[in-house]
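Tertiary structure, described
Given next are the chains, with one letter for each unit.
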Amino acid sequence: MAGQSTGVVEQELELNLVLSPERSVAVPARLSYGSHDPFAVYVTFHLDSGTPVTWVFARELLVEGTFRPCGQGDVRIWPTRSGRRSVLCMALSSPAGDALLEAPLPTVAAWLERAHRLVPPGAELEAMDMDGSLAELLA
C-alpha cells in the first residue's frame, strides 16, 4: 500500500531477513520520507515483538545504494539479483546484532522517485523550516 500525505511519502513493503544462504524470513516494513527531515529516510520494521524498530539514514545513501555498493559502518547498501528478482540489500549493524535484509529494488526505486518529486535532490535546505526549528530549539 502506498500513501502520500502533505509532505510525506510512504511505502509499505515486505523485506526478507536473510538468516542463511538458504533461508529467509519475511518482515513487513514501511519506508517513510518527509519534507520536515529532507536529508533522511526512515525504515520501520514490524517485528514479532510488537514493537516496531526504526532505522534512520541519509536519503543519498539509499539512492546511491540502488546503483552501486555504498555505506560503511552501521549501514551498507548494494543492489544485486536474487534468482530472477532485482533486490536491494541492506546490511544493518547495531549493539543488539546484525541483520541482512533484501528489499524489492523496483519498489524502493519507485518510492525514491516519489520522494524526489516531493523534495528534489539539492533542494533539501529550501524544504527545511529553519526559523521554525530554531524557535522550537530556543523555546
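Residues numbered from 1 in each chain as written. Predicted model: local features only at pLDDT ≥ 70, side-chain atom pairs only at ≥ 80, totals over all residues. Heavy atoms only, no water.

Comments concerning the pairing of strand β8 (residues 85–94)
For a regular strand, side chains alternate in direction, first toward one face of the sheet and then toward the other. In this structure, strand β7 (residues 75–82) lies alongside β8, joined through 8 bridges in antiparallel fashion. Paired with W78 across the two strands is C89, which belongs to β8. Here β7 folds back onto β8, and the loop between the two strands holds 2 residues, one of which, G83, carries a positive phi near 70 degrees. Pairing geometry for β8 and strand β9 (residues 97–104), over 8 bridges, is antiparallel. Across the sheet, S93 pairs through a bridge with D98, a residue of β9. (Pairing = 2+ DSSP bridges. Helix = DSSP H or I, 4+ residues; strand = E, 2+ residues; numbered from the N terminus.)

Some thoughts on the side chain of E102
Relative to the helices and strands, E102 resides in strand β9. Here E102 occupies a buried position and makes no salt bridge, while the nearest side chain of opposite charge, R85, is found at 4.0 Å. In this structure, E102 is in contact with L15, N16, V18, S82, R85, V87, L88 and C89, ignoring residues within four places of it in sequence. (Buried < 20%, exposed > 50% of the residue type's maximum accessible area, 1.4 Å probe, protein only. Lys, Arg positive; Asp, Glu negative; His and termini not counted. Salt bridge = Lys/Arg side-chain N within 4 Å of Asp/Glu carboxyl O. Contact = heavy atoms within 4.5 Å.)

Some points on the confidence of the model for the chain
Scored by pLDDT, the chain comes out at a mean of 86, with 84% of its residues at no less than 70. Mean pLDDT per element in the chain: strand β1 (residues 2–5) is the minimum at 46, and β8 is the maximum at 95. (pLDDT = per-residue confidence, 0-100.)

As for the layout of surface pockets
If you add up the space inside the largest pocket, you get close to 210 Å³. What lines the largest pocket is a set of 13 residues, among which F45, L47, V53, W55 and A99 lie closest to the centre. Sorting the residues of the lining of the largest pocket by element identifies β5 (53–58), β8 and β9 as the ones contributing at least two each. Take the lining of the largest pocket: its biggest share by element is 4 residues, from β9. Split by residue class, the lining of the largest pocket holds 10 nonpolar, 2 polar and 1 charged. (1 Å grid on protein atoms, 1.4 Å probe; cavity = no way out; pocket = protein on both sides within 12 Å on 5 of 7 lines; lining within 4 Å. Points joined across faces, edges and corners; volume = space filled by probe spheres on them. Nonpolar A, V, L, I, M, F, W, Y, C, P; charged D, E, K, R; others polar.)

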